[in-house]
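# Structural characterization, general
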Amino acid sequence: MAAETGTPTTLTLKSNDDELFSVAESAAILSVTIRNMVEDGCAGGVIPLDNVDGKTLASVITYMNGISAIPADEEKKKSYRDKFLSDKDFETLADMVLAANYLNMSCLMDAVSAKIAQVMEKKSVGWVRRKFGIENDYTPEEEAAVKEEHKWTFEGVETDDDN
Amino acid sequence: MAITERDRRSRQKQNTVPIDRLSDLPDSVLTHILSFLPTKFSVRTSILGQRWRFLWAYVPNLIFRNDSQKSINRVLLLRKMQKVNTFCLSDDDDRYRYINRENGAQCKKYQIWITFAVERNVQILHLCYSSWRDEDVLLGLPGCLFTCKTLVHLKLESCGVIPVRVAVCFPRLKKLHLLYVQYEADDALPNLLSGCPVLEDLLICLYPDMVYCNVSSTTVKSLVLDFISVGCGGRADRLDINTPSVEYLQMSDYFTEHIKCGVLTSLTQAYINFDSQPDYHHHLHSRSLLDFFDTLCNVERLNLDFSYCPEIINSVLSAWTTSFRNLTELELRCDCRLLSKFLENADNLEILCFTEEPREEIKSWKEPPQQVPACLLSRLRIVKLPNIRGEKHEFKIIKYLLRNAQVLERMEISYPRSLSSNEENNMLKKISLFQRGSRACKVAFGAASPLVFCKVR
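- Per an unreviewed UniProt entry, the recorded name for chain B is F-box domain-containing protein, and the organism is Erythranthe guttata.

- Under the annotation held in an unreviewed UniProt entry, chain A carries the name SKP1-like protein and is attributed to Erythranthe guttata.
- Regarding chain A, the relevant UniProt record gives this comment under Sequence similarities (unreviewed entry): "Belongs to the SKP1 family."

As structure tokens, this is what we get:
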């Protein structure tokens with residue numbers, strides 16, 4: 001990749017709202033999408049990331065820099081990830097999972113997915129529908145049938161509250 | 001995971017409709033999120049809407065906690081995904097356990113579920129049962145489990161018997177955690193380990209007792225042996241450890257002269273906690289304890305707790321000269337004779353935390369003989385003394401360290417909360433008058449948080 005002399009070690013990433021970010025190549029290639037572009041020689045100028053907005057990209061770059069600064073110590077990496085995600089609200093997490101998916105960053109994808117799952121587990125059906133933007137397209141009969149089919153999963157669950 | 005044109009368009013609109021994001025995620029991402037949920041919850045998401053109705057059936061992980069046999073069988077029948085990545089079965093709720101144990105076919109059920117997972121190329125398999133007190137522990141494990149070629153992580157807790165005459169072949173197994181499992185015979189453990197050519201992480205919590213525990217692996221890097229954990233520690237009359245690649249070692253046991261450990265040249269971190277047992281041979285004990293310490297000589301970070309161990313006899317200890325030249329961080333809980341030994345023998349020690357376990361018979365602090373140890377002259381930066389009670393010999397230790405540690409940056413002294421403010425003031429006054437070898441040295445002094453003393457045992 002960076003074997004030739006003169007290959008830049010800093011990459012410039014462009015978000016879909018035209019913000020530019022500089023990031024060390026060694027940190028950026030945590031993203032397989034970016035790594036592939038670098039390997040294909042497409043990283044000479046600016047790398048456009050059409051599916052990530054500036055705010056999310058800034059956050060992802062903070063993560064890239066933070067995690068790549070930690071040597072091979074899974075425990076420390078895990079605690080960095082936990083700390084990094086601890087203050088993110090659901091909307092930010094949603095943006096992050098989209099970005100991680102697009103950038104093909106499995107470690108961030110896993111951490112964010114686990115966090116979203118953790119939040120979902122405690123919430124009502126109504127809350128999840130709203131946050132995920134899910135339209136309830138069941139008829140009342142269908143909904144009752146699904147509920148009956150998986151009755152065991154609803155034991156002790158109140159589904160109507162909005163918390 | 002291609003992003004469709006529809007996704008792209010909706011992304012452009014996203015600033016105006018901020019809430020509608022996750023519904024545009026591809027199914028693969030949604031099932032990925034669901035794979036982190038217990039299966040009961042992922043099945044429950046079928047209520048969300050048409051698109052979600054069968055998403056759970058494509059989740060590669062199966063995580064069952066206190067679910068009934070009927071529910072588990074339903075899920076296994078209805079799911080549409082061929083492979084299983086993770087299969088977890090845990091049962092830690094007494095109420096459910098009771099319901100689960102209606103008939104004698106229980107054992108067969110487990111075997112069928114495990115076989116189901118093995119046949120679907122399971123990578124992570126966790127079986128955790130809290131019912132170890134019962135005959136459930138004797139649960140048979142199907143033979144196919146031991147030749148599962150895809151398994152990367154296996155954790156068995158309070159369930160299963162490791163058979164002795166079984167072909168073991170785990171070509172990919174990296175992590176093996178055995179908590180309170182039974183072994184058909186002592187040979188079952190070495191037999192199991194011999195079939196794990198790439199094992200890196202091994203944890204054994206022993207219960208019930210074993211006569212001869214042989215832990216041998218040329219590849220293991222992280223080894224945790226807990227033989228005295230709360231409530232249900234098991235004992236091994238003889239323990240042999242042959243793990244030359246170990247980098248991280250954690251051990252809790254009753255120390256006997258029947259603990260033998262081979263060379264640990266790659267060791268960087270060790271946490272050793274030895275308890276005593278009522279019948280020990282004083283002289284033999286001291287010698288073999290120090291022989292054991294010798295195997296740790298390459299360590300960089302060491303935590304030694306043998307506050308409940310019988311003391312090492314003087315003549316044996318004074319002849320002990322093993323050098324710990326890589327040691328930079330040391331946490332000791334023992335009597336103060338070992339402190340001076342480590343100061344003498346760890347030339348590169350930078351951080352020291354010492355908690356004295358006072359014994360009536362050996363309270364005298366003896367300064368390291370002759371010249372000041374090398375670590376005090378050029379390395380030791382931080383000293384923590386978390387339990388100073390204001391005794392005479394403790395002041396001698398503090399005085400010695402402050403005077404001789406030439407590059408000391410910080411000394412933290414904590415005393416029990418039970419100390420009166422008068423005693424506190426006297427201590428502070430006394431210590432502040434001590435001569436300091438390092439100009440930069442700061443001394444922090446305060447009542448210890450109770451946590452420091454509430455060591456959970």
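### Digging into the overall build of chain B
- Scanning chain B from N- to C-terminus turns up 13 helices and 20 strands.
- For chain B, long-range pairs separated by at least 24 residues make up 63% of all intrachain contacts whose partners lie at least 6 apart in sequence.
- As displayed, chain B offers around 21000 Å² of accessible surface, 51% of which is attributable to carbon and sulfur atoms.

### Side note on the UniProt feature "domain: SKP1 component dimerisation" (unreviewed entry) in chain A
- Under the local residue numbering, the UniProt record ascribes the feature "domain: SKP1 component dimerisation" (unreviewed entry) to residues 108-152 of chain A.
- End-to-end, the C-alpha atoms of residues 108-152 of chain A are 33 Å apart, and along that stretch the chain is 71% helix and 0% strand.

### A few points about the domain arrangement of chain A
Residue and element names in this part refer to chain A.
- Splitting chain A by domain gives domain 1 (10-121) and domain 2 (125-154).
- Here domain 1 and domain 2 have C-alpha centroids that lie 33 Å from each other.
- Taken together, the contacts link five residues of domain 1 with four residues of domain 2.
- Counting each side, the surface lost to burial between domain 1 and domain 2 is near 390 Å², with a carbon and sulfur contribution of 81%.
- The three residues of domain 1 that bury the most area against domain 2 are F90, E91 and M120, which together make up 86% of that side's buried surface.
- Between domain 1 and domain 2 we count one salt bridge in total.
- Between K131 and E91 there is a salt bridge, with its nearest N and O atoms 3.2 Å apart.
- At the boundary of domain 1 with domain 2, the tally comes to one residue pair in polar contact (both at pLDDT 80 or more).
- Those elements that place two or more of their residues in the side of domain 1 that touches domain 2 are helix 5 (90-103) and helix 6 (106-121).
- The element contributing the most residues to the side of domain 1 that touches domain 2 is helix 6, with three residues.
- Grouping the amino acids of the side of domain 1 that touches domain 2 by side-chain chemistry returns four nonpolar, no polar and one charged.

### Here we look at helix 4 (residues 74-86) of chain A
- Helix length check: helix 4 of chain A, at 13 residues, gives a terminal C-alpha distance of 18 Å against a target of 18 Å (1.5 Å per residue), a fit within 8%.
- Two or three places before A:E75, at the start of helix 4 of chain A, stands the capping residue A:D73, its side-chain oxygen 3.1 Å from that residue's backbone nitrogen.

### Examining the pairing of strand 4 (residues 153-157) of chain B
Residue and element names in this part refer to chain B.
- Bridge count between strand 3 (residues 124-129) and strand 4: five bridges; the pairing is parallel. When the bridges of strand 4 are listed, H126 appears paired with K155.
- Two elements, strand 4 and strand 6 (residues 175-179), share five bridges in a ladder whose sense is parallel. Across the sheet, residue K155 finds its bridge partner in strand 6, namely H177.

### So, the pattern of salt bridges
All names here are of chain A.
- In this structure the tally under the stated criterion is 21 salt bridges over all chains.
- In this structure, D82 engages K78 in a salt bridge whose closest nitrogen and oxygen atoms are separated by 3.0 Å. Residue D82 and its partner K78 are located together in helix 4, separated by four residues, close to a single helical turn.
- By relative accessible area, K78 is classed as partly exposed at 45%.

Thresholds, definitions, all that
Here, residues in each chain are numbered from 1, in the same order as that chain's written sequence. To read the labels, note that chains go from A and ligands from 1, taken in the order they are written. Two thresholds apply to this predicted model, a pLDDT of at least 70 for residue-level local features and 80 or more for giving and counting side-chain atom pairs, whereas whole-chain, interface and lining totals are computed over all residues. Values shown for side chains rest on all heavy atoms present in the structure; no hydrogens or waters enter the calculation. UniProt positions are given in the numbering used here, feature names are shortened, and annotations may be inferred rather than shown by experiment. Secondary structure elements follow DSSP: runs of H or I no shorter than four residues count as helices, runs of E no shorter than two count as strands, and numbering proceeds from the N terminus. Contacts are residue-level and defined by heavy atoms, with any inter-residue pair within 4.5 Å sufficient. In short, Shrake-Rupley with a 1.4 Å probe defines the accessible areas, and a residue's cover is counted only from the protein chains shown. For the domains described, the bounds stem from an automatic or database domain assignment. Two parts placed together each lose some accessible area under a 1.4 Å probe, and adding up what both lose gives the buried area. Every case where a carboxyl oxygen of Asp or Glu lies within 4 Å of a side-chain nitrogen of Lys or Arg is listed as a salt bridge. In protein, a polar contact requires one atom able to donate a hydrogen and another able to accept it; more generally it is a pair of N or O atoms within 3.5 Å, and residues adjacent in sequence count only if both atoms are side-chain atoms. Throughout, the ten residues Ala, Val, Leu, Ile, Met, Phe, Trp, Tyr, Cys and Pro are labelled nonpolar, Asp, Glu, Lys and Arg are labelled charged, and all others, Gly among them, are labelled polar. For a helix, the expected span equals 1.5 Å multiplied by the residue count minus one. Pairs of strands are assigned from DSSP output, requiring at least two bridges between the strands. Each residue gets one of three labels from its accessible area relative to the maximum for its type: buried under 20%, exposed over 50%, partly exposed in between, using a 1.4 Å probe on protein chains only.

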